[in-house]
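Structure at a glance
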Amino acid sequence: MNKTITLAHGNGGAENNELISKVFYKAFKNDILEKSEDAAVIHNGELAFSTDSFTVSPLFFNGADIGKLAVCGTCNDLAMMGAKPKYLTCSVIIEEGFEIRSLEKIVRSMKEELKKNDAIIVSGDTKVVPKGSVDKIFINTTGIGEIQYKGISSNNVNEDDLILVSRDIGAHGATIFAAREGMDLETSLKSDCTSLYPQVEALIKAGIKITALRDATRGGVSAVLNEWAKQSNVCIEVEEEKIPICDEVKGICEMLGFEAMSLANEGTFVLAIPKEHAKKAIDVLHTFEVAHNATIIGKVTQQYEQKVILNSSWGTKRFLDTPTGELLPRIC
Ligand code: MG
């Protein structure tokens, strides 16, 4: 490992995983942490507990802002464990000189998104640092949720499951990139940032069996599938032509050489659902406007050990590896 931290250490991909296991897991090692789930399952399996920090730049972008992101990010990690988000904390680090009006706008967004989750902020902290010590504002949220469906785990994906994605991928990453580059052309492109608990709740209420859920944030769908392949010791095979990608995201990827599968999402999740329930799960997701193009993208096999394979429509295969390097820092 490098002697100093690089931007790649925060990429949600290979370098990030290495840093976490060699520094944090090494020091904090315990059974709950080592499960590496989206949220820790605590209190006899009744509660989910998660934390996330937000450093996105720019603070405001098409489809969301840092406030909405800060609530969605933590609530979605709870939802991915089948938990109903309940109580959040909010901790902010603000740079001297930051406009109160912008802060109010961010807090309004947080309030709106909390309402969608029926969750509340119950504790917080405010730090102000001298100009230049931080860029405008960083936010941390921590959340507790009540588990409504037990047993969801990234360590249980197996050959009885199909792999689903809840909508077209890569919109958040492409939107942030376009905003930073001042690409006004992409007017219809907006972040997918949204609260996912309503979709998870509908799946649970419909009696769908769920093996694993994971929101495809940093590192995108590619990171999620590779984590599942490793944690569950399986091979995941994805049909490339079945992966939904909107034209704007395709355009940005072609222009800049990005892989849509590795672009960040903030309201898109990957599901591992037992075969006999997969079609019904898609029907339930389709009742949500944001998930109107949810689809089955792949299956679980034992063809290669802990690998993700992309099958092209021409019959060729290639490995989809965990993303490395960092092309888009401060995406969330
Ligand atoms: Mg997550």
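Structure shown above.
The structure contained in this document is the topic of the report that follows.

In this section: the nonpolar core. Counting 62 residues, the largest nonpolar core has Ile139, Ile163, Leu225 and Trp228 as the members making the most contacts within it. Per-element tally for this core: the top contributor is helix 3 (residues 66–79), with 6 residues. Apart from residues lying up to four places away in sequence, tryptophan 228 is in contact with Ser154, Val157, Ile163, Ala212, Leu213, Arg214, Asn233, Val234, Ile236, Val270, Leu271 and Ala272. In this structure, Ala79, Val200, Ala281 and Val284 belong to the second largest nonpolar core, which totals 23 residues.

With that out of the way, let us pick up the sheet that holds strand 8 (residues 161–165). Within the open sheet, the 7 strands sit side by side as 9-11-8-12-10-13-14. Their pairing is mixed. Across the chains shown, the open sheet's two edge strands, defined by having one partner strand only, are strand 9 (212–215) and strand 14 (317–319). Between one strand and the next, the sheet's axes are offset by a mean angle of 25°, whatever the strand orientation. Across 4 bridges, the pairing between strand 10 (residues 235–239) and strand 12 (residues 295–301) is antiparallel. Bridge pairing links valine 238 to glycine 298 in strand 12.

With that settled, the discussion passes to the coordination of the magnesium ion. Octahedral metals with six donors have ideal donor angles of 90 or 180 degrees. Tetrahedral metals with four donors have an ideal donor angle of 109.5 degrees. Distances from the magnesium ion to its protein donors, Asp38 (OD), Asp77 (OD) and Asp215 (OD), fall at 2.1 to 2.7 Å. The motif formed by the donor residues of the magnesium ion, counted along the single chain, is D-x38-D-x137-D. With aspartate 38 in the loop between helix 2 (31–34) and strand 1 (40–42) and aspartate 77 in helix 3, this residue pair connects regions lying 39 residues apart in the sequence. Just as aspartate 38 is buried, aspartate 77 falls in that class too.

Turning our attention to the layout of surface pockets. Within this model, the largest pocket holds a volume of roughly 1,800 Å³. Lining the largest pocket are 50 residues, with Gly12, Asn16, Ile20, Thr51 and Arg218 positioned closest to its centre. Of all the elements in the fold, those that place two or more residues in the lining of the largest pocket are helix 1 (14–28), helix 2, strand 2 (47–54), helix 3, strand 7 (137–147), strand 9 and helix 7 (220–231). With 9 residues, the top contributor of residues to the lining of the largest pocket is helix 1. Classifying every residue of the lining of the largest pocket by side-chain character gives 19 nonpolar, 19 polar and 12 charged. Forming the walls of the second largest pocket are 16 residues, and the residues nearest its centre are Ser262, Leu263, Pro323, Glu326 and Leu327. Along the lines of polarity and charge, the residues of the lining of the second largest pocket split into 7 nonpolar, 6 polar and 3 charged.

Look at the link from serine 57 to proline 58: it is a cis peptide, with omega at 0°. Within the element layout of this structure, proline 58 appears in the loop between strand 2 and strand 3 (60–61). Of note, aspartate 118 is a non-glycine position whose phi angle comes to about 55°, a positive value. In the Ramachandran plot, lysine 136 falls in the positive-phi region, its phi being about 65° despite a non-glycine side chain. Within the fold, lysine 136 resides in the loop between strand 6 (120–129) and strand 7. By relative accessible area, which is 39% here, lysine 136 ends up partly exposed.

Conventions and cut-offs
- Residues numbered from 1 in each chain as written.
- Predicted model: local features only at pLDDT ≥ 70, side-chain atom pairs only at ≥ 80, totals over all residues.
- Heavy atoms only, no water.
- Core = buried A, V, L, I, M, F, W, Y, C linked by side-chain atoms within 4.5 Å.
- Buried < 20%, exposed > 50% of the residue type's maximum accessible area, 1.4 Å probe, protein only.
- Helix = DSSP H or I, 4+ residues; strand = E, 2+ residues; numbered from the N terminus.
- Contact = heavy atoms within 4.5 Å.
- Pairing = 2+ DSSP bridges.
- Axes fitted to C-alpha atoms, helices over the stretch in contact; angles between N-to-C directions.
- Donors = N, O, S within 2.8 Å, 3.2 Å for Na, K, Ca; no water.
- 1 Å grid on protein atoms, 1.4 Å probe; cavity = no way out; pocket = protein on both sides within 12 Å on 5 of 7 lines; lining within 4 Å.
- Points joined across faces, edges and corners; volume = space filled by probe spheres on them.
- Nonpolar A, V, L, I, M, F, W, Y, C, P; charged D, E, K, R; others polar.

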